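This is what each chain is made of:
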Amino acid sequence: MRPPAPQSKNNTISSSSTILAGIEWRNHLGVGTLERRNAFPVGPEGNGAWNPGRWNPRGVERWIRRNPAAAVRGPPGLRNGSASPPLPGCGSEGRAGVAAEMLPYTVNFKVSARTITGALNAHNKTAVDWGWQGLIAYGCHSLVVVIDSSTAQTLQVLEKHKADVVKVKWARENYHHNIGSPYCLRLASADVTGKIIVWDVAAGVAQCEIQEHAKPIQDVQWLWNQDASRDLLLAVHPPNYIVLWNADTGTKLWRKSYADNILSFSFDPFDPSHLTLLTSEGIVFISDFSPSKPPSGPGKKVYISSPHSSPAHNKLAAATGAKKALNKVKILITQEKPSAEFITLNDCLQLAYLPSKRNHMLLLYPREILILDLEVNQTVGVIAIERTGVPFLQVIPCFQRDGLFCLHENGCITLRVRRSYNSIFTSSNEEPGQSAIAGEEPPKGSALQEVHLKFLLTGLLSGLPSPQFAIRMCPPLTTKNIKMYQPLLAVGTSNGSVLVYHLTSGLLHKELSVHSCEVKGIEWTSLTGFLSFATSTPNNMGLVRNELQLVDLPTGRSIAFRGERGNDESPMEMIKVSHLKQYLAVVFKDKPLELWDVRTCTLLREMSKNFPAITALEWSPSHNLKSLRKKQLATREAMARQTVVSDAELSVVESSVISLLQEAESKSELTQNISAREHFVFTDNDGQVYHLTVEGNSVKDSARIPPDGSMGSITCIAWKGDTLVLGDVDGNLNFWDLKGRVSRGIPTHRSWVRKIRFAPGKGNQKLIAMYNDGAEVWDTKEVQMVSSLRSGRNVTFRILDVDWCTSDKVVLASDDGCIRVLEMSMKAACFRMDEQELSEPVWCPYLLVPRASLALKAFLLHQPWDGRYSLDISHVDYPENEEIKTLLQEQLNSLSNDIKKLLLDPEFTLLQRCLLVSRLYGDESELHFWTVAAHYLHSLSQDKPTSTAATKDKLNNPLDICYDILCENAYFQKFQLERVNLQEVKRSTYDHTRKCTDQLLLLGQTDRAVQLLLETSADNQHYYCDSLKACLVTTVTSSGPSQSTIKLVATNMIANGKLAEGVQLLCLIDKAADACRYLQTYGEWNRAAWLAKVRLSSEECADVLKRWVDHLCSPQVNQKSKALLVLLSLGCFSSVAETLHSMRYFDRAALFVEACLEYGAFAVGEDTEKLISAIYTDYARSLKNLGFKQGAALFASKAGAAGKELLAELESPKQEPKEE
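The residue numbers shown here count from 1 along each chain, following its written sequence. Given that the model is predicted, a residue must reach a pLDDT of at least 70 before its local features are reported, and side-chain atom pairs must reach 80 or more before they are shown or counted; all residues, however, enter totals for whole chains, interfaces and linings. As a rule here, side-chain values cover all heavy atoms of the structure and leave hydrogens and water aside.

The name given to the protein chain in an unreviewed UniProt entry is WD repeat-containing protein 11, with the source organism recorded as Oryctolagus cuniculus.

So this is what it looks like as structure tokens:
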């Protein structure tokens, strides 16, 4: 029986591959025409089950050519009497016949080129981004690593940067996806040399490389408004440039310089024309950002300052209560440099707009977070840390709620949320390190429920620790160990632990704490055990503590191999296990050689003190095990034949003898306590080569070869077959042909040869040599170099250790903390994500080809053509090849059970389904559209029974305020009143008071505005004007003459450039509609929409917003996506459908029409029916282009007369075979 595969520490089971034994498989199964991309081995993704439809006969033939004997008789253990399962589809006859010799069994040995990453460096600190599609990208030295957030698996490692990566940014998905603009994984990464690379992550290739100069990129972001173009990337190039790039072509569109050094920037998530720069001196606001041309002026610069006495910035101040401290905090935001008694706050760590509130900005300092209201340039919230609190490093603001995820210097993460009833930003008064902002008290009787939030760890990605590393690959794959073989790599670390990685999946298999100091070397004693040694720091006499441990991998048990030996002795320099894993040679720096028996952990011989000092040692692959085996088998066979009673029983006995023979082949003779004779060679300081023989306790000196005059001091030896290779301190390689008795010296001019090692595999004479500055692969048969890698030339990292992991792949450990599995050419190559062997399936439809990805989306969105909901795509008439269909099914299977349950629920509405699928695909554009559409379609259905209930529901369940102008008018007005109240509470200067007064007048709060106007002190230069203004506001009447006069004055003021003042006067006389028209005429479209929402009736507001929609749809502005959302908020659903159709968003238009018909949101009419028919026809045609015939037929039939022609086209292919 097959032994059970060892379980890894984290309970993951490595992906499997199926080995096929024998030629007859093709004839028996008859499926030899099917091929898989990775030819051999074959098998389904990781489940180890046999799938006759996905094997590759070419791979089998290659294996047979390499192993002709195995093809004829089958590998060991597959003859009659084996416990393997029967052939699929074969009866008992198959077991007795030839097919019984060709049974499949499962092993784990496929190794792909990959990089195992480790610890980061300081430059990588800000290089991390979580994309909309659920993938996380981060910089690791010069690499970019992509991981799946759900399963914590590494999906991709991108290697092309020559310097440390400082920024990574996923491209936004804020556009409509179709065949022309498919779902794709695009990522921009920037390094310290100023290079920006735009990646196609799925394919692992660089689409575009951008270089402006050789200084580190300070910041980089994709433009979020993607209606016009989704390829635009803005970057900060030191010291003071912002450059807009076309990331598809690498073209520089424009460049703009500023006076101060730019540290970072942030786009306003509500207005794409607003950009804010964080500079070394302050903050620069840009209000005319455009992709077509650079900003015109230097922008508006402001300074953030605080008095010297402010406790929030006095780090030595005594700890006080949070509220008490905040009352003394004064933050000033001015356009002029602060005076001497104020400190300019230049230690700002981060600047970011709040996505949850329009015109709110966050400024992060080490010991406080400031929340700014940009309409009044005033601090409306401060979160200060107590003196004993841990400083901030980074903050991520939430989108739908007033929440801040805060990262602290000690690695702690805190979530701070608003807790007051009305104020914009507050946090708990009682908890240390948090502070409260004053706001209105909650109404009496309202019970605020306390919510306790917890962080739950859902995944942990463990990387390699910091270098140094010592690596050793497990013994190679052979026909004898093929059943239980696993490609395991042991990595010794600087902290004394040994990490064992499974190279099929790249996952950590075991982590073993073995030593108390740095691991110097590892040698495997079997597939499941290894020896490792470590040496402590030398004492004053140069003596150390040597640790040599024998580790059993399945149990993790570790024993001291040398017993009590090891304290205060000369340091170990190397350990070498013999070819048959019988003997161990331990070499010390200033102490004679020790020879040990690996099986019994006993010392065989400690050499005398006059034994020569060893500089290099290697065991010979030759031994006398075969002759010992023949003797033992002959003895066994003779004993078996002595029991023969009659000739009739001879065949049975022969069968048993054959079984014994197989057992002897498959089991190591080492278990029989028979010591085979083995040899080793070593060199001394003079370069003399010694040849010794070891057999049991006997050690004999066989021969000595005088030193080669052309060689320096020998540093390493490798021996395979009849070839012996020596390397020296001067970089020379000496190739000895033992059979032909000739040698050949090659000077590599690469300095000290630190290690040489032959590749595994019979007849494979490739050899890898490691130098101080890199590595080379040599063909010892031809004595020529195959490939070379040099630090500083090909690569930026330095190699620490090398080994072979398969016959054609090398593994390198490097000082950037990574371990790389490379092809023999040693060229770094990124792999395709869909070719990776993963231990767990990953949901990522971006990996599918565009047609398949969109077809899968259509399959998930609606299945009305079938009487039941199903996640089995096999019954769908999809004309793509079977491999694509299988990949689609794998994606469906990888969904979580909760999501599958929702998708299969008949009660799950179309709108809910659209929202869920937009989240599954990480489609930003669709998520916003369906969120707003679902809210207003639901509100419309609530309007029908009773208007009172509908109003109450709107107030209790409003659209989140992060959607700003799209919210219901009543909720929007309520929020604006709360906001101005908070601004009023937090005002600290006359400018703040004046801005609050202006806001109150626009909101119609005249009484409170008059109170603020009358607060102006007599020595203020605006005292007279404010007093007159207060009189005007209180005496305004609705009489005709006064209205006419005020209106005339207002229009004159507007005509003479006093737009804000004129609008204010018009609002005083209830002419807000006229004010909105003037604002729109002068290009203040956002301000006009704001005023319409807070002052006008629903009908008048709709007129203003419809004019705004026309403006947004104009070619100069081209913000049709935003126009769609505004139309949704107005309930103009037929206009939305028409606009979607005109934009050729056929899928979204058809689904929206379906949803509207469910809710009864369309007025019945001839024009509406024509529009619906056209939408259904075009959507059916797009489904047909995707190959989704069932869906296309359904929507073509719904389209009525317009779809008849398409229906005929869909049915015609079925008739074509008959005509032929």
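A. Spotlight on the overall build of the protein chain. Secondary structure is summarised from DSSP: a helix means a run of H or I of at least four residues, a strand means a run of E of at least two, and numbering begins at the N terminus for each. Summing up its helical and strand segments, the protein chain has 28 helices and 55 strands in all. Among the 1220 residues that make up the protein chain, the fraction classed as buried is 53%. Contacts between residues were defined by any pair of non-hydrogen atoms, one from each residue, lying within 4.5 Å. Within the protein chain, contacts between residues separated by at least 24 positions form 53% of all contacts whose residues are at least 6 apart in sequence. What sets the accessible areas is the Shrake-Rupley method with a 1.4 Å probe; for residues, cover comes only from the shown protein chains. Element-wise, carbon and sulfur atoms account for 51% of the exposed surface of the protein chain, whose accessible area totals about 55200 Å². Per-residue accessibility, obtained with a 1.4 Å probe over protein chains only, is compared with the maximum for each type, and a residue is labelled buried under 20%, exposed over 50%, and partly exposed between these values.

B. Representation of the sheet that holds strand β7 (residues 153-159) within the structure. In space, the 4 strands of this open sheet follow the order β4-β5-β6-β7, with antiparallel pairing throughout. A single partner strand is all that each edge strand has here, and the edge strands are β4 (128-130) and β7. When strand polarity is set aside, the average angle formed by the axes of neighbouring strands in this sheet is 15°. Direction of pairing for strand β5 (residues 135-140) relative to strand β6 (residues 143-148): antiparallel, over a ladder of 6 bridges. If you follow leucine 135 over to β6, its bridge partner there is aspartate 148. The criterion for strand pairing is that DSSP finds at least two bridges linking the strands in question. Orientation is described by lines fitted to C-alpha atoms, with helices fitted over the stretch in contact, and by angles between N-to-C directions that extend from 0 to 180 degrees.

C. Fine view of a nonpolar patch on the surface. Each patch is built from salt-bridge-free residues with over 30% relative accessible area, joining like charges within 9 Å and nonpolar side chains (Val, Leu, Ile, Met, Phe, Trp, Tyr) within 5 Å. One side-chain nitrogen of Lys or Arg within 4 Å of one carboxyl oxygen of Asp or Glu is enough to make a salt bridge. Judged by side-chain polarity, Ile396, Phe405, Ile413 and Phe455 come together as a nonpolar surface patch covering roughly 390 Å² of accessible area. Positionally, isoleucine 413 belongs in strand β28 (residues 413-417).

D. Seen up close, the packing of aromatic side chains. Here a Phe, Tyr or Trp ring, Trp counted by its six-membered ring, pairs with any other such ring whose centre lies within 6.5 Å, and the pair is stacked when the planes are under 30 degrees apart, edge-to-face when over 60, and tilted otherwise. Counted under the stated rule, the structure contains 21 aromatic pairs. With a centroid separation of 5.4 Å and 55° between ring planes, the pair formed by phenylalanine 561 and tryptophan 596 is classed as tilted. In this pair, phenylalanine 561 sits in the loop between β36 (557-560) and β37 (572-577) while tryptophan 596 sits in strand β39 (residues 594-597), placing the two residues 35 residues apart along the sequence. Given the relative accessible area of 4%, tryptophan 596 is considered buried. Both rings, one in phenylalanine 611 and one in phenylalanine 682, keep their centres 5.2 Å apart while their planes meet at 35°; by these two values the pair is tilted.

E. Broad picture of the pattern of salt bridges. Summed over the entire model, instances satisfying the criterion amount to 52 salt bridges. One salt bridge in this structure joins arginine 750 and aspartate 773, with 3.0 Å as the shortest N-O distance. In this pair, arginine 750 sits in the loop between β48 (742-747) and β49 (753-758) while aspartate 773 sits in the loop between β50 (766-771) and β51 (774-779), placing the two residues 23 residues apart along the sequence. For arginine 750, a relative accessible area of 1% puts it in the buried group.

F. Looking closely at the nonpolar core. Working definition of a nonpolar core: buried Ala, Val, Leu, Ile, Met, Phe, Trp, Tyr and Cys residues. They are joined through side-chain atoms within 4.5 Å. Ranked by size, the top nonpolar core spans 145 residues in total, and within it Leu1091 and Phe1152 carry the most contacts. Counting 33 residues, the second largest nonpolar core, distinct from the first, contains Met473, Leu512, Leu553 and Val821.

G. Here's a closer look at empty space enclosed by the protein. With a 1 Å grid laid over protein atoms only, a set of points is called a cavity when a 1.4 Å probe fits there but cannot get out and a pocket when it is open yet has protein on both sides within 12 Å along at least five of seven lines; lining residues have an atom within 4 Å of a point. Grid points are joined across faces, edges and corners, and a volume is the space filled by probe spheres set on the points. Inspection of the entire model under this criterion finds 6 cavities of 30 Å³ or more. Of the volumes computed, that of the second largest cavity is approximately 70 Å³. Taken together, Leu278, Thr279, Ser280, Glu281, Gly282, Ile283, Ile304, Leu345, Asn346, Cys348 and Tyr365 make up the lining of the second largest cavity. Class assignment of the residues belonging to the lining of the second largest cavity gives a composition of 6 nonpolar, 4 polar and 1 charged. Polar here means any residue outside two lists: the nonpolar Ala, Val, Leu, Ile, Met, Phe, Trp, Tyr, Cys and Pro, and the charged Asp, Glu, Lys and Arg; Gly therefore counts as polar.

H. The arrangement of the pairing of strand β38 (residues 583-588) in detail. Most of β38 is tucked away, with 6 of its 6 residues classed as buried. Residues Tyr583, Ala585 and Val587 line one face of β38 and the alternating positions Leu584, Val586 and Phe588 line the opposite face, and both faces are buried. The pairing of β37 with β38 spans 5 bridges and is classified as antiparallel. Note on β38: the bridge partner recorded for lysine 576 is alanine 585. Two successive antiparallel strands, β37 and β38, enclose a turn made up of 5 residues, where lysine 581 displays a positive phi of approximately 60°. Summarising the sheet, β38 and β39 pair through 4 bridges and their orientation is antiparallel. By the bridge assignment, alanine 585 is partnered in β39 with leucine 595. Linking β38 to β39, which pair antiparallel, is a turn of 5 residues.

I. Up close: unusual backbone geometry. In this structure, the amide linkage connecting proline 238 to the following residue, proline 239, adopts the cis form with an omega of 0°. As for its position among the elements, proline 239 is in the loop between β13 (232-237) and β14 (241-246). The omega torsion of the bond from proline 467 to glutamine 468 falls at 25°, within 30 degrees of zero and hence cis. Among the secondary structure elements, glutamine 468 is positioned in the loop between β28 and β29 (469-473). A positive phi angle, near 50°, is found at aspartate 568, a position not held by glycine.

J. Structural detail: the sheet that holds strand β26 (residues 392-397). Taken together, the 3 strands give an open sheet; going across it, the order is β26-β27-β28, and neighbouring strands pair in antiparallel fashion. Looking at the sheet topology across the chains shown, the edges are occupied by β26 and β28. On average, each strand axis in the sheet is tilted by 25° relative to the strand beside it, whichever way the strands run. Two strands pair when backbone bridges link them, and β26 and strand β27 (residues 403-408) are joined in this way by 5 bridges, in the antiparallel orientation. What sits directly across from phenylalanine 392, in β27, is histidine 408.

K. Spotlight on the side chain of aspartate 1147. Structurally, the position occupied by aspartate 1147 is in helix α25 (residues 1146-1159). No salt bridge is formed by the buried aspartate 1147; the nearest opposite charge belongs to lysine 857, separated by 4.3 Å. Contacts described as polar in this section are N or O atom pairs within 3.5 Å, which, within protein, must combine one atom able to donate a hydrogen with one able to accept it, while residues neighboring in sequence count only if both atoms come from side chains. A polar side-chain atom of aspartate 1147 sits 2.8 Å from a polar atom in the side chain of histidine 176. Beyond its immediate chain neighbours, meaning those up to four positions away, aspartate 1147 contacts His176, His177, Lys857, Glu926 and Tyr1179. Charged residues are defined here as Lys and Arg on the positive side and Asp and Glu on the negative side; His and the ends of the chain fall outside this count.

L. Fine view of the pairing of β49. Among the 6 residues of β49, 5 are classified as buried, and the element is accordingly described as predominantly covered. In the sheet, β49 pairs with β50 via 5 bridges, with the strands oriented antiparallel. Pairing of valine 753 across the sheet is with tyrosine 771, part of β50.

M. View of the environment of alanine 259. Here alanine 259 is to be found in the loop between β15 (251-257) and β16 (262-267). Classification of alanine 259 by relative accessible area gives exposed; the value is 78%. With 20 residues separating them along the chain, alanine 259 and proline 239 place their C-alpha atoms 9.6 Å apart.

N. Up close: the confidence of the model for the protein chain. Scored from 0 to 100, pLDDT reflects the predictor's confidence in each residue. In the predicted model, the protein chain carries a mean pLDDT of 80, and 80% of its residues have values of at least 70. By mean pLDDT, the top-scoring element of the protein chain is strand β8 (residues 165-170) (96), and the lowest-scoring one is helix α1 (residues 25-29) (30). Residue range residues 1-108 is modelled with pLDDT below 50. Its contacts to residues more than four positions away, or to other chains, number 181 contacts. Here residues 421-447 scores under 50 on pLDDT; set against residues more than four positions off or in separate chains, the count is 64 contacts.

O. Focus on the environment of leucine 1013. By the secondary structure assignment, leucine 1013 is in helix α16 (residues 1006-1014). Each C-alpha atom, one on leucine 1013 and one on tyrosine 1023, is 8.6 Å from the other, the two residues being 10 residues apart in sequence. Here leucine 1013 is in contact with Thr997, Asp1026, Lys1029 and Ala1030, once residues within four sequence places are set aside.

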